[in-house]
Amino acid sequence: MPTSIYNQAHQHSPPEDHIATISSSPNPPPTPSDPDFGLDSLLGLVLSLFAAPLYLYATCKGKFKVWDDILNALPRDIFLQPTLDVGCGRGMVLLKMAQHKKKLLDSSPSSSAIAPSYGIDIFSTADQTGNSPVATYQNAAAMGVIDLSVLHTASFTETFPFVDNIFGLVTANLSIHNTKREGRVFAVKEMARVCAPGGKIVIVDLFGFFGDHKAVLEELGWKDVDVTFAGFKMMYGCLPCQVLTASKSLDR
């Protein structure tokens, strides 16, 4: 593993870790009894009209179940490595990965080889209600994973502030669709760049964007690139979600 996880050529290297900054401040925000991940786009909920109940179920319960199934199916060893959630928002996937790391640490308290869970976001409240570093920090505190979570402000349409081939698992949940086609293609290429050989990418997003994602990864020589439907657990109004999983070859 490189001496630093960060790309030293990046203009803000290393970028601020919001969770560390907030945690070490003289008066950090109070720790809530339960995490609160807000709602996905209010505009999307309004536009769902008669299908709004499906949207509410997906944003309040369904997406959590889908990601639990995804992460529970992965090899435990993958969580020993650094992991990255792209467009992490208030931290649902970021912190679920941190919880998996905490379980590994609890089962082997003497281990110091478990790397943190990293998240990047621009913290747009249009994409998620109440989206902010403070909200993500409070969720990390409520879930007891502050020490295993790192949070940066960064856009997935710009070069990630990380070195090549560093993350064992790179995820994105309902984030990449929020930009134009060239931005989406760029984001997938960056996810591929920072993923370690033998590592995995998992993207969950709205139907209709996965042809480009799949083509990008296949052109880069990735294997086992698979796209499936997330099912009724993630129906954003009339829009279903899909799940892309892919593995990076050991020689990439």
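Cut-off values and rules
- Residues numbered from 1 in each chain as written.
- Predicted model: local features only at pLDDT ≥ 70, side-chain atom pairs only at ≥ 80, totals over all residues.
- Heavy atoms only, no water.
- Core = buried A, V, L, I, M, F, W, Y, C linked by side-chain atoms within 4.5 Å.
- Buried < 20%, exposed > 50% of the residue type's maximum accessible area, 1.4 Å probe, protein only.
- Helix = DSSP H or I, 4+ residues; strand = E, 2+ residues; numbered from the N terminus.
- Pairing = 2+ DSSP bridges.
- Polar contact = N/O pair within 3.5 Å; in protein donor to acceptor, adjacent residues only side chain to side chain.
- Contact = heavy atoms within 4.5 Å.

1. Some thoughts on the nonpolar core
Next up, step 1: Membership of the largest hydrophobic core comes to 39 residues, with the highest contact counts inside it found for Trp-67, Phe-79, Leu-169, Met-234, Tyr-236 and Cys-241.
Next up, step 2: Put simply, the parts of the chain that give this core at least two residues each are helix H1 (18–23), helix H3 (52–72), helix H4 (92–107), helix H5 (133–142), strand E5 (195–206) and strand E8 (239–247).
Next up, step 3: Counting 33 residues, the second largest nonpolar core, distinct from the first, contains Ile-176, Ala-187, Phe-210 and Val-225.

2. Some points on the pairing of strand E1 (residues 83–86)
Next up, step 1: Burial along E1 is two-sided: the face carrying Thr-83 and Asp-85 and the face carrying Leu-84 and Val-86 are both buried.
Next up, step 2: For E1 and strand E2 (residues 117–121), the ladder comprises four bridges, and the chain directions are parallel. Counted as the bridge partner of Thr-83 is Ser-117 from E2.

3. What about the side chain of Ser-249?
Next up, step 1: Tracing the backbone through its elements, the reader meets Ser-249 in the segment after E8.
Next up, step 2: Residue classification places Ser-249 among the buried positions, given a relative accessible area of 12%.
Next up, step 3: Among the polar contacts listed, one links the side chain of Ser-249 to the backbone oxygen of Gly-221, at a separation of 3.4 Å.
Next up, step 4: Apart from residues lying up to four places away in sequence, Ser-249 is in contact with Pro-197, Gly-198, Gly-221 and Lys-223.

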